[in-house]
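Residues per chain, in single letters:
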Amino acid sequence: MVLDNLGSSLRGTLDTLQGKSRLSKEDVDEVVREIQRSLLQADVDVDIVMELSDSIRTRALEEDPPAGTSARDHVLRIVYEELVALIGDSTDLPLEPQTILLAGLQGSGKTTTAAKMAWWFSKKGLRPAVVQTDTFRPGAYEQSKQMCERAEVQFYGDPDAEDPVEIARRGLEATEDADVHIVDTSGRSGLNEELIEELKEIEGFVDPDRNLLVLDAAIGQGAKDQAQAFGDAVGVDGVVITKLDGTAKGGGALAAVNETDSTIAFLGTGETVQDIERFEPNGFISRLLG
Ligand code: GDP
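Residues numbered from 1 in each chain as written. Predicted model: local features only at pLDDT ≥ 70, side-chain atom pairs only at ≥ 80, totals over all residues. Heavy atoms only, no water.

We apply this condition: UniProt positions are given in the numbering used here, feature names are shortened, and annotations may be inferred rather than shown by experiment.
Where an unreviewed UniProt entry is consulted, the chain appears under the name Signal recognition particle 54 kDa protein, with the organism given as Halomarina halobia. Note on the chain: under the UniProt heading Catalytic activity (unreviewed entry), the record states "GTP + H2O = GDP + phosphate + H(+)".

Dropping the structure here:
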């Protein structure tokens, strides 16, 4: 268990437990308070924070530290295990032929993520192609094309076409020698019927192996509603959190993971095609608590 970068206040509280072999109720309350503070600051949904606090409190008081483990390490382990249980491992992404559909609101980072993921798959030895069906946002075609050129991956789009399903049909045909198809879709500035209907149509036609919901790390409390709407429309298998290079810690996205019973697939950490990381719980949890 590696939890580096813990926030100084949480670290301080934990350090007061150094040398203790048992935790008092006051010790546990103090640790739980610090954890709550960090998680709420990281935009984690308040209900999730409360649920998590209860399980941490119960376990910390009921379970004795294993022989040779200090109270500090014991409680830290419980915190970590409970967070891992909540967040889950990274979304399963076998390195084999597949079709992935990206959904999300406008500006969440879908187009950028599509090219990044294609780059990521190409580095794993696969032959990805991006199919750009966003006919709504002016500039999406050009941006997507340029990023795919930089990533040196196949790209299909049509700036003159209006029907996303027709673009998807032609795109999948034109790139049939690719083994991983990443289908980008258009967003809207907010959730609306048009977006959901369009997405359902594309999803119905493309029949992807996985649907990933792309969320801006700064999403905060809006994540739950978005996840519910996208989940009801097409199902969400995994979440991509973008813009983690900024100040937002992405804790809001946990509500989306919870709501759709999914996991996190990738993290976006910048604007270039290489700025993508496969999700890994340790680093993310450290960051949430940092
Ligand atoms: P879309 O409307 O969902 O396709 O969103 P875009 O892919 O166009 O992204 C919206 C803006 O966010 C663009 O200016 C991107 O360069 C930027 N962006 C996307 N992902 C990241 C990221 O991980 N970090 C940073 N700093 N910017 C990002």
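More follows now that the structure is in view.
Considerations on the nonpolar core
Note the threshold: Nonpolar cores are built from buried Ala, Val, Leu, Ile, Met, Phe, Trp, Tyr and Cys residues. Side-chain atoms within 4.5 Å join them into one set. When accessible area is computed with a 1.4 Å probe and restricted to protein chains, residues below 20% of their type maximum are described as buried, those above 50% as exposed, and intermediate ones as partly exposed. Starting at the N terminus, helices and strands are each numbered in turn, a helix being any DSSP run of H or I of at least four residues and a strand any DSSP run of E of at least two. A contact between two residues is defined here by any heavy atoms of the two lying within 4.5 Å.
Judged by nonpolar contacts, the single largest core of 63 residues is most densely connected at Leu39, Ile87, Phe230, Ile241, Ile264, Phe284 and Leu289. The element contributing the most residues to this core is helix α4 (residues 71-87), with 8 residues. Phe230 has contacts with Ala103, Gly104, Leu105, Leu191, Leu195, Ile196, Leu199, Leu213, Gly235 and Val236, leaving out every residue within four places of it along the chain. Core analysis: the second largest hydrophobic core is formed by 25 residues, Ala115, Leu126, Val153 and Val273 among them.

A short note on unusual backbone geometry
Although it is not a glycine, Asp207 adopts a positive phi angle of roughly 50 degrees. With respect to the helices and strands, the residue Asp207 is situated in the loop between α8 (193-206) and β5 (210-216). Asp207 gets classed as exposed once you look at its relative accessible area, which sits at 58%. Despite not being glycine, Lys243 has its phi angle at roughly 65 degrees, a positive value.

Some words on the UniProt feature "domain: SRP54-type proteins GTP-binding" (unreviewed entry) in the chain
On the UniProt side, "domain: SRP54-type proteins GTP-binding" (unreviewed entry) is annotated at positions that read residues 97-290 here. Along residues 97-290 the backbone is 41% helical and 21% strand, and the end-to-end C-alpha distance reaches 38 Å.

Focus on the packing of aromatic side chains
Two aromatic rings are characterised by how far apart their centres lie and by the angle between their planes. Definition in use: By convention, a stacked pair of Phe, Tyr or Trp rings (six-membered ring in the case of Trp) has centres within 6.5 Å and planes under 30 degrees apart, an edge-to-face pair has planes over 60 apart, and any other such pair is tilted. Ring-over charges, as used throughout, are those where CZ of Arg or NZ of Lys falls within 6 Å of the ring centre and within 35 degrees of the ring normal.
In the structure shown here, the tally under the stated rule is 4 aromatic pairs. Both rings, one in Trp120 and one in Phe121, keep their centres 5.0 Å apart while their planes meet at 85 degrees; by these two values the pair is edge-to-face. When sorted by exposure, Trp120 lands in the same class as Phe121, which is buried. Clustering of aromatic rings is evident, with ring pairs tying together Trp120, Phe121 and Phe266. In this structure, Arg188 is placed above the aromatic ring of Phe136, and the distance from its NZ or CZ to the ring centre is 4.0 Å. The side chain of Arg278 reaches across the aromatic face of Phe266, ending 5.5 Å from its centre.

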